[in-house]
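Chain by chain, the residues run as shown.
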Amino acid sequence: MEEAHLLRPVLIILAAAIVVVSLFRRVRVTPVLGYLVAGVLIGPHGLRMVNDVEAVEALAEFGVVFLLFAIGLELSLGRLFAMRRHVFGMGTLQVVVCAAVIAALARLAGLGMSEALVLGGGLALSSTAVVMRMLQDDGVMHTRAGRMALAVLLLQDLAVVPLLTVVPLLGGEGGSMARELAVAAGKATLALVLIMAAGRLLLRPVLRGVAAARTPELFTAITLFVALGVSWATALAGLSMALGAFLAGLLISETEYRHQVEADIAPFRGLLLALFFMAIGMGIDVRLLAGNAHLVAAGVLALLAAKAVVITALARAFGQPWGTAVFVGFALAQAGEFGFVLVTLAREAGALGERTGGLALLVVALSIACTPLLMMAGRAASSRVHRASGDPQGLLERETHDLRRHALVLGLGRVGRTVAQLLEAAEREYVALDRDPEVVAAGRARKIPAFYGDGSRPEVLRAAGVERASAVVITLDDAESVTRALHAVRAADHDVPVIVRARDTRSCGPLTAAGATAVVPELVEGSLQLGGRLLVALGVAEDAVEAALDEMRRDDYRRLADSGLARPDEDGAAAPKEHG
C-alpha cells in the first residue's frame, strides 16, 4: 500500500496536465500557460491534491537542466564565441541596469536598502526555461532575436554566482563582500576551465567507446551521466546546474554523436520541463494574492514595464533594429526561476521580510505566467514596427547582418523548398530570397527564413550577407533569371561557391563559364537516379552503380551531351515554370 500512496501524486500531476493542457490546446493557447494553471489547481494553495511542493520542485529542476543541455547541443563553441559581445556586453549591462532600476523602484515604494538590493538582483533575471521553450516552439531560436535572447540568458546564469554570494551578506552573514565575491569568482572560473578542458580531452573517446558497444541503453546512460555530472560539478562550484548542463551540451555538439544524444534526452526534457512549469503554478499562494491583489498587480506591471523598456533600449544601443529590440524587450521582461531561489535565500538570511518575500514570490510567479502573453505582444509589436519601416531590403539587412557562414538560397519554389528542408535537417543557417510575396509569406508561415528580394540585384545580395556566406544555390527555373542571378552573385562576391540548377546539359558550359562552381541539370540527374535504381534492382552492386553515375557526371555531363541523350524535355512533356 505504501507504493500506491507514493503513486497517487504522480497520477494526479499527470491527469491534471493531460486535462488542462488539452483544453488550452483546443483554444490555441501555449501549453506553458496550461501547465501553470494545472499547478495552481492541484497545488497546496488550490485544491490541495498535491502538498509536497518541495519534492516536485527538486525533480522539476532537472527539466531546466535538460532544456539547457539541448540548447547547448544546438550551438557550437565557434558560434558561442561569435556571440561574446552580446553575452558579456549587453548581458552584463542588462543585469546591472535592470537591477539598479528595480532597486530604485523598491526604494520609492518604501523598502529598505537591503530589501531593495535583493529584489533588484533577483528580479533582474529572466526565465530561461519558459523563454527558451517558447522560442523553440515558435521556431525563432536561430533568428537574430533568438540569438540575442539566448546571449542575455547565458550571462544571467553566470550572474547567479555573485548574487548567491551577495544575498547572505546583505542579511548580515559572512564577512567582507569583496573577499567573498573574489573567492566565488575564482572558484567559478577554475570550475569552468577544468570542465571545458576535461570535456575536450575525454568526451569524444568515451562516447566512441560506448557507441562501439552497440548497446542503446548504455549510450543513453552515458548521456544522462554527462549532462547530470557536469551540472553537479558546476553546482559544487557555486554555479547554476543549468549552466553546467549547457556546457555539457556545448561540448557534445562538437562531436559526431550530437544527434543521437539529442534524440535520447528528448523524452526526459519534455516531461521534466512540464513538471517544472507545474511546480511554479503550485507555488502561487492564491490567498495571499487575494488579500494583496493591488500590490502584486502593481509590482508585476512595474517589473514588466521597467525591464521591457531597459532591455529594448540596450538592444538598440547594441545595434539591433527596432523590431528585434522590441521583441527581445518583451520576451525577457518577466522574472526568472532563480528569483525563487534568491528571494527564499534572502528570507532565510534575514535580508528580506517574510511578508515582502511572500509578495515578491507572487510577483515572480505571476510575471513568469505572463510570458506567453508577453511573447504574443512582442511579436505583434515587432511586426508592426517592421511594417512601418516600409523597407524590405533594410529589414533583410538588419535580420542577417550578424550571420556568418550561412547558405543563401535564391528561389523558393519546389526545388528551393527542398533545399531549405535539407539545410534545416542539417541544422545549417540559411537565408532564402524570392520575388513573389505570396511565396515569401508561405515560406515564413513554415518558419523558413524567407525574405522578399530580387536575387539578380547585387545590392539585395549584399543585404543578405553574400560576402559572409559559405555558399549560394540558385534554384530558379527560368534560364535568363538564372544567368542574371549568377552574374549578380559574382558582381557581389568573386569567391563564394555557387551551385546552379539547370534544365539540361546545354546550360552547363555557359553557366560554368559565367562563374558557376557547379551546375546540376535536373532532367539528367532524374534520369541518372532512375537508371541507378534500375541497376540496383537488377542486382548490380551499389558501389558499381555509384561509380557509373559519377562517370556520367564527369566533365559537366559531357559524355551524355555529346551522345545527344540529354535534350531538353525529351520525354515530350514541357515542365511548368516556377520561381525555384
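Remember, it's a predicted structure, so these values are computed and weren't measured experimentally.

Let's talk about the overall build of the chain
- Within the chain, the secondary structure is distributed over 26 helices and 6 strands.
- Looking at the 580 residues of the chain, the share that counts as buried comes to 49%.
- Counted over contacts in the chain with a minimum sequence separation of 6, partners at least 24 positions apart contribute 74%.
- In the form shown here, the chain has an accessible surface area of approximately 27,100 Å², with 63% of it arising from carbon and sulfur atoms.

Considering the sheet that holds strand 2 (residues 430-434)
- Here 6 strands make up an open sheet; going across it, the order is 3-2-1-4-5-6 and the pairing parallel. Since the sheet does not close on itself, it has two edges, and those belong to strand 3 (450-452) and strand 6 (518-521), each with one partner. Taking the axes of each pair of neighbouring strands and ignoring which way they run, one obtains an average angle of 20° across the sheet.
- Here 3 bridges tie strand 2 to strand 3, and the two strands are oriented parallel to one another. If you follow Ala-432 over to strand 3, its bridge partner there is Ala-450.
- Sheet contacts for helix 20 (residues 414-425): strand 1 (407-410), strand 2, strand 4 (471-474) and strand 5 (498-502); angle to strand 1, the most-contacted strand, approximately 160°.

Notes on the pairing of strand 5
- Most of strand 5 is tucked away, with 4 of its 5 residues classed as buried.
- Here strand 4 pairs with strand 5 via 3 bridges, running parallel. Within the sheet, the bridge partner assigned to Ile-474 lies in strand 5 and is Val-500.
- Handedness of the crossover joining strand 4 and strand 5 through helix 23 (residues 479-492): right-handed.
- Where strand 5 lies against strand 6, 4 bridges are found, and the strand directions are parallel. Within strand 6, the residue paired with Val-500 across the bridge is Val-519.
- You can see the chain leave strand 5, run along helix 24 (residues 508-513) and come back into strand 6, and the turn it takes is right-handed.

Quick word on a nonpolar patch on the surface
- Among the surface-exposed residues, Leu-7, Val-10, Leu-11, Leu-14, Ile-18, Val-19, Leu-23 and Leu-271 lie close enough to one another that they form a single nonpolar patch of about 750 Å² accessible area.
- It is helix 1 (residues 2-26) that provides the largest number of residues to the nonpolar patch, a total of 7 residues.
- The exposed category is assigned to Leu-23, whose relative accessible area is 52%.

Some thoughts on helix 6 (residues 113-124)
- End to end, helix 6 covers 16 Å across 12 residues, agreeing with the expected 16 Å (1.5 Å per residue, within 8%).
- Here helix 6 lies mainly inside the structure; 9 of its 12 residues are buried.
- All of the buried residues along helix 6 are Glu-115, Ala-116, Val-118, Leu-119, Gly-120, Gly-121, Gly-122, Leu-123 and Ala-124.

Observations concerning the packing of aromatic side chains
- If you walk through the whole model with that rule in mind, you get 1 aromatic pair.
- Ring centres of Phe-219 and Tyr-257 lie 6.1 Å apart, and the angle between their planes is 50°; this geometry places the pair in the tilted category. Linking Phe-219 in helix 10 (residues 216-236) with Tyr-257 in the loop between helix 11 (241-252) and helix 12 (258-282), this pair joins segments that are 38 residues apart in sequence.
- Note on Phe-219: relative accessible area 7%, which makes it buried.

Notes on the side chain of Lys-307
- In this structure, Lys-307 sits in helix 14 (residues 293-317).
- The exposure class of Lys-307 is buried, given its relative accessible area of 0%.
- Here the side chain of Lys-307 touches Ser-126 through a polar contact of 3.2 Å, side chain to side chain.
- Among all residues touching Lys-307, those that are not within four sequence positions of it are Gln-94, Cys-98, Ile-102, Leu-123, Ala-124, Leu-125, Ser-126, Leu-332, Ala-333, Gln-334 and Ala-335.

Quick notes on the confidence of the model for the chain
- Mean pLDDT for the chain: 81, with 87% of residues reaching 70 or above.
- Taken as a whole, residues 565-578 scores under 50 in pLDDT and shows 24 contacts with residues more than four places along the chain or in a different chain.

Brief notes about the environment of Ala-16
- Mapped onto the elements of the fold, Ala-16 is located in helix 1.
- On the basis of relative accessible area, Ala-16 is assigned to the buried category, the value being 12%.
- Placed 262 residues apart in sequence, Ala-16 and Met-278 show a C-alpha to C-alpha distance of 9.5 Å.
- Apart from the residues lying within four places of it in its own chain, the contact partners of Ala-16 are Val-21, Ala-38, Ile-42 and Met-278.

Re the pattern of salt bridges
- Inspection of every chain in the model, using the stated rule, returns 8 salt bridges.
- Two residues, Glu-429 and Arg-147, come together in a salt bridge whose shortest N-O distance is 3.4 Å. In this pair, Glu-429 is assigned in the loop between helix 20 and strand 2 and Arg-147 in helix 8 (residues 144-170), connecting sequence segments 282 residues apart.
- Note on Glu-429: relative accessible area 19%, which makes it buried.
- Salt-bridge contacts for Glu-354 lead to Arg-347; the nearest nitrogen and oxygen are separated by 2.7 Å.
- The network of salt bridges with shared partners includes Arg-414, Asp-477, Arg-501 and Glu-522.

Brief notes about the pairing of strand 4
- As paired elements, strand 1 and strand 4 share 4 bridges and run parallel to each other. Note on strand 4: the bridge partner recorded for Ala-407 is Ala-471.

Section: the packing of helix 7 (residues 128-137) against helix 12
- Two elements in contact, helix 7 and helix 12, have axes whose closest approach is 11 Å; the angle formed by their N-to-C orientations is 130°. Here helix 7 is positioned oblique relative to helix 12, judged by the angle of their axes. By crossing handedness, the relation of helix 7 to helix 12 is classed as left-handed. Where helix 7 abuts helix 12, its residues Ala-129, Val-130, Arg-133 and Gln-136 lie against Arg-269, Leu-273, Phe-276 and Phe-277.

Some thoughts on helix 20
- Helix length check: helix 20 (12 residues) gives 17 Å between terminal C-alpha atoms against 16 Å at 1.5 Å per residue, within 8%.
- Regarding helix 20, the residues found buried are Val-415, Gly-416, Val-419, Ala-420 and Leu-423. Taken down its axis, helix 20 places every buried residue within 140° of arc, on the same side. Structural note: helix 20 exposes Gln-421, Leu-422 and Ala-425 on the side pointing more than 90 degrees away from its buried face.
- The inward-facing, buried residues of helix 20 abut strand 1, strand 2, strand 4, strand 5 and helix 25 (522-537).
- At the exit of helix 20 stands Glu-427, carrying a positive phi of roughly 55°.

Rules used in this analysis
Residues numbered from 1 in each chain as written. Predicted model: local features only at pLDDT ≥ 70, side-chain atom pairs only at ≥ 80, totals over all residues. Heavy atoms only, no water. Helix = DSSP H or I, 4+ residues; strand = E, 2+ residues; numbered from the N terminus. Buried < 20%, exposed > 50% of the residue type's maximum accessible area, 1.4 Å probe, protein only. Contact = heavy atoms within 4.5 Å. Areas by Shrake-Rupley, 256 points an atom, 1.4 Å probe, with all protein chains shown as cover. Pairing = 2+ DSSP bridges. Axes fitted to C-alpha atoms, helices over the stretch in contact; angles between N-to-C directions. Right-handed = clockwise from strand over helix to strand, strands pointing away. Patch = residues over 30% accessible without salt bridge, like charges linked within 9 Å, V, L, I, M, F, W, Y side chains within 5 Å. Salt bridge = Lys/Arg side-chain N within 4 Å of Asp/Glu carboxyl O. Expected span 1.5 Å × (residues − 1). Phe/Tyr/Trp six-rings, centres within 6.5 Å; stacked < 30°, edge-to-face > 60°. Polar contact = N/O pair within 3.5 Å; in protein donor to acceptor, adjacent residues only side chain to side chain. pLDDT = per-residue confidence, 0-100. Parallel < 35°, antiparallel > 145°, perpendicular 65-115°, else oblique. Left-handed = near helix turned anticlockwise from the far one by under 90°. Arc of directions from axis to C-beta.

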